[in-house]
Amino acid sequence: MQQQTVQQHPRLGKEILQGCNLTQLTTPQIQEFKQSLWEHGVIVVRNQHLTASQLKEFNNQTFGESNFKYQPKPLDPGIDPDLQSLGVAILGNPKENTQEIVGQFAWQWHHDKDFLPRTEGLDMNSLYVVMLYGVEIPAEGVDGQPHTTEFLDMVEAYNNLDPEHRRQLEQMSMYHLPPRTYQPAPDVPMKKHPIVSTHKVTGQRGLYLGSDTSIPVGMEDELNLAKQFWQKLFQTVLERTPVYAHVWQKGDLVVWDNSQVMHAGIPYDANKYKRIALRVAAVDNTQTFI
Ligand SMILES: [Fe+2]
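Let me sum up the structure you'll find in this document. Note that the coordinates shown come from a computational prediction; the quantities given were computed from them, not determined experimentally. (Residues numbered from 1 in each chain as written. Predicted model: local features only at pLDDT ≥ 70, side-chain atom pairs only at ≥ 80, totals over all residues.)

### What about the overall build of the chain?
Across its full length, the chain holds 5 helices and 15 strands. Here the chain holds 290 residues, and the buried ones make up 39% of them. Here the contacts in the chain between residues at least 6 apart in sequence split such that 78% fall between residues at least 24 apart. (Helix = DSSP H or I, 4+ residues; strand = E, 2+ residues; numbered from the N terminus. Buried ≥ 20, exposed ≤ 12 C-beta atoms within 10 Å, placed from the backbone. Contact = placed C-beta atoms within 7 Å.)

### A look at helix 5 (residues 223–240)
In this model helix 5 runs 26 Å from its N-terminal to its C-terminal C-alpha over 18 residues, within 8% of the 26 Å that 1.5 Å per residue would give. Within helix 5, burial applies to A226, W230, L233, F234 and V237. Buried residues of helix 5, seen end-on, are gathered within an arc of 95 degrees and therefore sit on one face of the element. Away from its buried face, by an angle of more than 90 degrees, helix 5 presents the exposed residues N224, Q228, Q231, K232 and E239. Each element contacted by the buried residues of helix 5 is listed here: strand 6 (148–153), helix 3 (154–159) and strand 11 (215–216). (Expected span 1.5 Å × (residues − 1). Arc of directions from axis to C-beta.)

### Comments concerning the sheet that holds strand 12 (residues 243–247)
Taken together, 4 strands build an open sheet; the order of strands is 1-12-6-14 and the sheet is mixed. Of all strands in the sheet, those bounded by a partner on one side alone are strand 1 (5–6) and strand 14 (261–265). Where strand 6 lies against strand 12, 4 bridges are found, and the strand directions are antiparallel. Paired with T149 across the strands is H246, a residue of strand 12. (Pairing = 2+ DSSP bridges.)

### Some words on the sheet that holds strand 15 (residues 276–283)
The 6 strands are arranged 2-3-13-5-15-4 in an open sheet whose pairing can be described as mixed. The open sheet has two edge strands, strand 2 (14–15) and strand 4 (89–92), and neither has a second partner. Sheet topology note: the strand 4/strand 15 ladder contains 4 bridges and is antiparallel. Its bridge partner lying in strand 15, G92 is registered against I276.

### Here's the deal with the pairing of strand 13 (residues 253–257)
Consecutive residues of a regular strand have side chains that alternate between opposite faces of the sheet. Most of strand 13 sits inside the fold, with 5 of its 5 residues counted as buried. Burial of strand 13 is two-sided: the residues L253, V255 and D257 facing one way and the residues V254 and W256 facing the other way are all buried. Bridging between strand 3 (residues 42–45) and strand 13 involves 4 bridges; their strand directions are antiparallel. Residue pairing in the sheet places V45 in a bridge with L253 of strand 13. Judged from the 5 bridges that link them, strand 5 (residues 128–136) and strand 13 form a sheet pairing that is antiparallel. By the bridge assignment, M131 is partnered in strand 13 with V255.

### Regarding the pairing of strand 3
Burial along strand 3 is two-sided: V42 and V44 and I43 and V45, pointing in opposite directions, are all buried. Inspection of the sheet shows strand 2 paired to strand 3 by 2 bridges, in the parallel sense. In the strand pairing of strand 3, K14 is matched with I43.

### Brief notes about the environment of G64
Looking at the element boundaries, G64 is found in the loop between helix 2 (52–63) and strand 4. Residue classification places G64 among the partly exposed positions, given that 15 C-beta atoms sit within 10 Å. The sequence separation of G64 and D284 amounts to 220 residues, and the corresponding C-alpha distance is 6.6 Å.

Purely geometric numbers; function is a separate question.
Dropping the structure here:
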């Protein structure tokens, strides 16, 4: 599969609020943060020093209190308490003497949160936002290159398709399943989304593909065909649309609008390196989008 990867992208990955402390933003700065996010799809704030609680507080301050239900979990004594807070996930291999990696299923291309039931009252453009904060960054990926997270601009991807292909996809919807699930099952939520969607804030059209377990409506009984359809479409996207790779630095907060981009993590060697990233997510509840 051909893939062009760039570390500078005309739209994705804009660095904002240089020199700011995210725990002390003013209301206009929060507005700038959100406006930049909707405009650019992926934004970066560098040089932060956040605890998990401060990250969650910033998330709530910006997007409103989360409606997600979290099961209370006891503190893990093997992990620094500053890295733990209800609703904040710890990705990577945060414990001493363990090479087990949390979150490695994210090494394939996907939109997040396909494992949750669809949010009531919201279409696919649920304004689902993810914040990922880099606490410890591996020196390199398994490819020997700097540690990155990769993003695809799905608005650009849609615009790069042939007009006839766009028209065909505009008539189609897919059931989205969790990336790790390969078969539909009674206890797995299936959410139906149009393949071509219109963004709630920007009004731009883009592709919304879930992951390679998504099933076009009408192909529920032909899963091999469904997978072929997805992979062929995604291959076309990759051939025509450059991948933006964010090169991580310690203290980076990378924030993406899940309805505009797909992403994939890059494997690293957990025997050699430690990675700790804090992840918090929100559906914008503030109703003040810009
Ligand atoms: Fe993800």
